[in-house]
Each structure stands twice: as C-alpha cells, then as structure tokens.
Amino acid sequence: MKKNRTLHVLVFLALLFSAVAFLAPLAWMVSTSLKPLKETMTLPPVWIPSEIQWRNYPDAIEAMGYFWRYAGNSLFLAVMTVIGTVASSALAAYGFSRVDWKGRDKVFLVLLATMMIPFPVIMVPLYSLFKTLGWIGTFKPLWVPTFFAAAFNVFLLRQFFL
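Source: prediction; values computed, not measured. Residue positions are given per chain, counting from 1 as you read along its sequence in written order. Residue-level local features of this predicted model are given only where pLDDT is at least 70; pairs of side-chain atoms are given and counted only at 80 or more, and the full residue set underlies all totals for whole chains, interfaces and linings. The side-chain numbers reported here are obtained from all heavy atoms of the structure, hydrogens and water having been left aside.

A. Representation of the nonpolar core within the structure. Among the buried residues, those of types Ala, Val, Leu, Ile, Met, Phe, Trp, Tyr and Cys that are joined through side-chain atoms within 4.5 Å form a nonpolar core. Whether a residue is buried, partly exposed or exposed follows from its accessible area with a 1.4 Å probe, protein chains only, as a fraction of its type maximum: under 20%, in between, or over 50%, in that order. In this structure, A93, F96, F108, L111, A151, V154 and F161 together form the largest nonpolar core, which totals seven residues. Comment: elements are numbered from the N terminus, with helices defined as DSSP H or I runs of at least four residues and strands as E runs of at least two. At the level of secondary structure, the elements contributing two or more residues to this core comprise α3 (67-97), α4 (104-113) and α7 (151-161). Looking at which element gives the most residues to this core, the answer is α7, with three residues. Contacts are assigned to residue pairs with any non-hydrogen atoms lying within 4.5 Å of each other. Leaving out residues up to four positions away in the same chain, F108 has contacts with F96, V154, F155 and R158.

Okay, here's the thing in structure tokens:
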C-alpha cells in the first residue's frame, strides 16, 4: 500500500509541474499586458507590475484600427464553418449509418479514399474553381466548402451513429 501511495504522489507532482510549465507563458503574457511599457523589457524580468495598467487593452484595440472588423470576420467564419460542417456531415453520416441502400458500403469506401489524396494535389484545381466562380478575395472559399461534408467528419459521425 505504501508503494502505491508513493506512486500517486510522484504522478501528482509530475502533473503539477507540467501544469505550471504550461501555464507559465499564459501568466507571463497577462502580466506583461498589464505592465507599463518601461517594465516590459527590464532585466531581470518583473513578474508583477509596479502599477496595473488596464488602459493597455483599449489602447491596443484603438491602435489596431480595424479590430472589431477582424473580430466580426472571425466570428462570421467560425459560425458559418461550424454550421456547414455539422449540418452536412451529420446528414451524410446518418445516411451511411442508418439508411440501407444499394452500394452504400462501396460509396463509403470511395468517400474514405478521398482522405488519401494529399491537399497539394487538389490545391491548383481548387484555386481554378474558386477563380472561375469569382470567389478569389472573398470569404466564400473559407466557408462554402464546409457545407459539402468532409470525409473525416462523416467517418467519425457515422461511427457514432452506428
């Protein structure tokens, strides 16, 4: 019983050390973001700012100029990508798992085979397609393809539905 307890303590200490090692950069980033400019590059490093400057955040957002546009674009792309991926992959996976139709397994194998095609092979034809559609310089190439189920997502959801 003593050996088992020692092992648990060692595992706990290893996990604790790992957690501190992974959280240290985050703590440093937050600490640095709240420091006055003169304290950001001092040697030796100062972990706790002499005075906390919350104004650094609004100043950074203002200095970026288009921060809210960038945030809105990111939110739009994230929402559209999630909707497209979940809707199309769930429908396809449900069809492969619950609906019995002739050739289902062969079509599923072809779908899985598409995962073997390296992206550089389809990159140029995909660019040509987007150029023909007039989508170059727009967000459409980033979110429209997610409405056509991806093989890996269909595979995972099919296994879940089974």
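Next, the rest of the story.
B. Focus on a nonpolar patch on the surface. The grouping of L23, L26, M29, V30, I52, W54 and Y57 at the surface amounts to a nonpolar patch, some 740 Å² of accessible area in total. Per-element tally for the nonpolar patch: the top contributor is helix α1 (residues 2-33), with four residues. By secondary structure assignment, the location of L23 is in helix α1. Residue classification places L23 among the exposed residues on the basis of a relative accessible area of 52%. Patches in this entry comprise residues that are over 30% relatively accessible and not in a salt bridge; like charges within 9 Å are linked, as are nonpolar side chains (Val, Leu, Ile, Met, Phe, Trp, Tyr) within 5 Å. With residues, only the protein chains shown are counted as cover, and all accessible areas are computed by Shrake-Rupley using a 1.4 Å probe. Here, a salt bridge means any Lys or Arg side-chain nitrogen found within 4 Å of an Asp or Glu carboxyl oxygen.

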